[in-house]
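Understanding the architecture of this molecule
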Amino acid sequence: MRRFHDHEGNAWVASIARAEGGDYKGRFYFVVEGEGVGEGRRVFLTDVRWNSSRTAERTLSTMSEVELRRRLRSALGRTRRAAAV
């Protein structure tokens, strides 16, 4: 789990979620949740996937804040586009 702030100063927490199913490949994926002002807002970025929780946690712990903000923008943009359809 990683806490970071977006370009507007809002607090977010990046973490890993696990998909259920028989296939282990790509079972773990990227999730971002808002804190404070955005509390309760949860965004999934399911195209960022890992085969194991160990790899997912290691990757998340080494991501820069710039990368975390970029992933958040991507996830939020996809959410907005999907809601507009």
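Whatever comes next refers back to the structure up there.
Just so you know, these numbers come straight off a predicted model, no measurement behind them.

Looking only at helices and strands, the protein chain has two helices and four strands in total. Going from the N terminus to the C terminus, the protein chain shows its helices and strands as β-β-β-β-α-α. Buried positions account for 34% of the 85 residues belonging to the protein chain. Long-range pairs, those at least 24 residues apart, make up 43% of the contacts in the protein chain between residues at least 6 apart in sequence. Within the structure as shown, the protein chain displays about 5,500 Å² of accessible surface, and the carbon and sulfur contribution to it stands at 48%.

Below, the discussion takes up the sheet that holds strand E1 (residues 2–5). For sheets, the rule is that strands pair by backbone hydrogen bonds, running either parallel or antiparallel. Within the open sheet, the four strands sit side by side as E1-E2-E3-E4. Their pairing is antiparallel. With partners counted over all chains shown, the strands left at the sheet margins are E1 and strand E4 (42–50), one partner each. Within the sheet, the average angular offset between the axes of one strand and its neighbour, ignoring direction, is 30°. Across the sheet, helix H1 (residues 53–62) touches E1, strand E2 (11–18), strand E3 (28–34) and E4, and the angle it forms with E2 is around 165°.

By the element assignment, threonine 46 lies in strand E4. A C-alpha to C-alpha distance of 9.1 Å links threonine 46 and glycine 26, two positions 20 residues apart in sequence.

Turning our attention to the side chain of aspartate 6. Mapped onto the secondary structure, aspartate 6 falls in the loop between E1 and E2. Look at aspartate 6: it is buried, it has no salt bridge, and the nearest opposite charge is arginine 69 at 7.7 Å. In this structure the side chain of aspartate 6 is engaged in a polar contact, spanning 2.9 Å, whose partner is the backbone nitrogen of glutamate 8. Engagement of the side chain of aspartate 6 in a polar contact is seen with the backbone nitrogen of asparagine 10, the distance being 2.8 Å. With residues up to four places along the chain from it excluded, the contact list for aspartate 6 reads Trp12, Arg69 and Leu72.

Glancing now at the packing of aromatic side chains. Overall, the coordinates contain one aromatic pair when judged by the stated rule. Taken together, a centroid distance of 6.1 Å and an interplanar angle of 55° make the contact between tyrosine 29 and phenylalanine 44 tilted. Of the two residues, tyrosine 29 is situated in strand E3 and phenylalanine 44 in strand E4; the sequence distance between them amounts to 15 residues. On the basis of relative accessibility, which here comes to 13%, the residue tyrosine 29 falls in the buried class. According to the relative accessible area criterion, phenylalanine 44 is partly exposed, its value standing at 41%.

Rules behind the numbers
Residues numbered from 1 in each chain as written. Predicted model: local features only at pLDDT ≥ 70, side-chain atom pairs only at ≥ 80, totals over all residues. Heavy atoms only, no water. Helix = DSSP H or I, 4+ residues; strand = E, 2+ residues; numbered from the N terminus. Buried < 20%, exposed > 50% of the residue type's maximum accessible area, 1.4 Å probe, protein only. Contact = heavy atoms within 4.5 Å. Areas by Shrake-Rupley, 256 points an atom, 1.4 Å probe, with all protein chains shown as cover. Pairing = 2+ DSSP bridges. Axes fitted to C-alpha atoms, helices over the stretch in contact; angles between N-to-C directions. Lys, Arg positive; Asp, Glu negative; His and termini not counted. Salt bridge = Lys/Arg side-chain N within 4 Å of Asp/Glu carboxyl O. Polar contact = N/O pair within 3.5 Å; in protein donor to acceptor, adjacent residues only side chain to side chain. Phe/Tyr/Trp six-rings, centres within 6.5 Å; stacked < 30°, edge-to-face > 60°.

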